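Read off the chains here:
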Amino acid sequence: MAKSHDEFAGNSLNIKLTFYDQNQKNISGETLNNLTAGILSNILDYTIFYCPNANSYKRLKEEDIDINWNKVGDNENLRGINIIKEKSESKVLFTLTGSDTNPYLALMSILNSALNGLLTKDTIEKAEKKLHDKKLPLTLYNSIQNYEKSNEALNSLGEKFHKHFNSFYTWEYTQYM
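Scope of this entry: the structure provided in the associated data block.

About the thresholds
Residues numbered from 1 in each chain as written. Predicted model: local features only at pLDDT ≥ 70, side-chain atom pairs only at ≥ 80, totals over all residues. Heavy atoms only, no water. Helix = DSSP H or I, 4+ residues; strand = E, 2+ residues; numbered from the N terminus. Buried < 20%, exposed > 50% of the residue type's maximum accessible area, 1.4 Å probe, protein only. Areas by Shrake-Rupley, 256 points an atom, 1.4 Å probe, with all protein chains shown as cover. Pairing = 2+ DSSP bridges. Contact = heavy atoms within 4.5 Å. Axes fitted to C-alpha atoms, helices over the stretch in contact; angles between N-to-C directions. Parallel < 35°, antiparallel > 145°, perpendicular 65-115°, else oblique. Left-handed = near helix turned anticlockwise from the far one by under 90°. Nonpolar A, V, L, I, M, F, W, Y, C, P; charged D, E, K, R; others polar. Expected span 1.5 Å × (residues − 1). Arc of directions from axis to C-beta. Polar contact = N/O pair within 3.5 Å; in protein donor to acceptor, adjacent residues only side chain to side chain.

## Considering the overall build of the protein
On a plain count of helices and strands, the protein comes out with eight helices and four strands. Helices and strands in the protein line up, N terminus first, as β-α-α-α-β-β-β-α-α-α-α-α. A burial count over the protein gives 44% of its 177 residues as buried. For the protein, the exposed area adds up to about 9800 Å²; of that, 50% sits on carbon and sulfur atoms.

Structure, rendered in structure tokens:
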């Protein structure tokens, strides 16, 4: 179940990523910022994989989402995406996913986005500015629309995969309605 208490925001799946270079050294600094910025920049393209069914959106409270989802947090100010320090290592903590999330699809989306941020040298500041006036979808229907229109998802996943999941989630939505 995606949401057990209507009065509280919450979820049940956090994804923590630690990136290493070819020498097994923890990635931090500008490179980690590029990776994290990519994840944030593409969050609207892949929300369908983080919140995959109609009940997923019950755990998202609008008042919490407005201040938390479109900025990168840290150990002190947790948000949807965070750069945290644990035992002298920098990690990315992703908290938008829930217990109903397919972890493989979520991880694929996060890693595709991180790679995109690395290749484009995206910055956290640019990603936050890009999303400043955007709203995180609070319904399955809105997530389907974002995914369907997403060139990022189409280009990184391929037309066949993109079309399959668009059809699947559209079917899921019609069954719910």
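Next comes the rest of the account.
## A look at the sheet that holds strand E2 (residues 72–73)
If you trace the four strands from one edge of the open sheet to the other, you get E1-E4-E3-E2, paired in mixed fashion. Each edge of the open sheet is held by one strand with a lone partner, namely strand E1 (15–17) and E2. Of the strand pairs in this sheet, strand E3 (residues 81–86) and strand E4 (residues 89–94) are connected by six bridges, and their pairing is antiparallel. Bridge pairing links glutamate 86 to glutamate 89 in E4. Relative to the sheet, helix H4 (residues 103–120) contacts E1 and E4, its axis offset from that of E1 by approximately 40°.

## Side note on the environment of leucine 105
Checked against the element boundaries, leucine 105 lands in helix H4. Leucine 105 sits 55 residues away from tyrosine 50 along the chain, and the two C-alpha atoms are 8.1 Å apart. Setting aside its immediate chain neighbours within four residues, leucine 105 contacts Phe49, Phe161, Phe165 and Tyr169.

## Regarding the packing of helix H1 (residues 29–41) against H4
Between H1 and H4, the least distance of the axes is 6 Å, while the angle of their chain directions is 125°. Between H1 and H4, the angle falls in the class oblique. Handedness of the crossing formed by H1 with H4: right-handed. Every residue of H4 that contacts H1 at Thr31, Asn34, Leu35, Gly38 and Ile39 is listed here: Ile110, Ser113, Ala114, Gly117 and Leu118. Class assignment for the residues of the contact of H1 with H4 results in five nonpolar, five polar and no charged.

## Quick notes on the packing of helix H2 (residues 43–50) against helix H6 (residues 140–149)
Where H2 contacts H6, the two axes come as close as 8 Å, and the packing angle between them is 130°. Judged by the angle between their axes, H2 and H6 are oblique. Crossing geometry of H2 relative to H6 is assigned as left-handed. On H6, the residues that touch Leu44, Asp45, Thr47, Ile48 and Phe49 of H2 are Leu140, Ser143, Ile144, Asn146 and Tyr147. Along the lines of polarity and charge, the residues of the contact of H2 with H6 split into six nonpolar, three polar and one charged.

## A word on H4
In this model H4 runs 25 Å from its N-terminal to its C-terminal C-alpha over 18 residues, within 8% of the 26 Å that 1.5 Å per residue would give. If you check which residues of H4 are buried, you get Leu105, Ala106, Ser109, Ile110, Ser113, Ala114 and Gly117. When H4 is viewed along its axis, its buried side chains cluster within an angular range of 165° and face the same direction. Every exposed residue of H4 that faces more than 90 degrees away from the buried side is listed here: Tyr104 and Leu119. The inward-facing, buried residues of H4 abut E1, H1, H2, E4 and helix H8 (159–176).

## A word on the side chain of serine 90
Inspection of the secondary structure assignment puts serine 90 in strand E4. By relative accessible area, which is 4% here, serine 90 ends up buried. Within the structure, the side chain of serine 90 is placed 3.1 Å from the side chain of lysine 85, a separation counted as a polar contact. Once residues lying within four places of it in the same chain are set aside, the contact partners of serine 90 are Thr18, Asn26, Ile27, Ser28, Leu32, Ile84 and Lys85.

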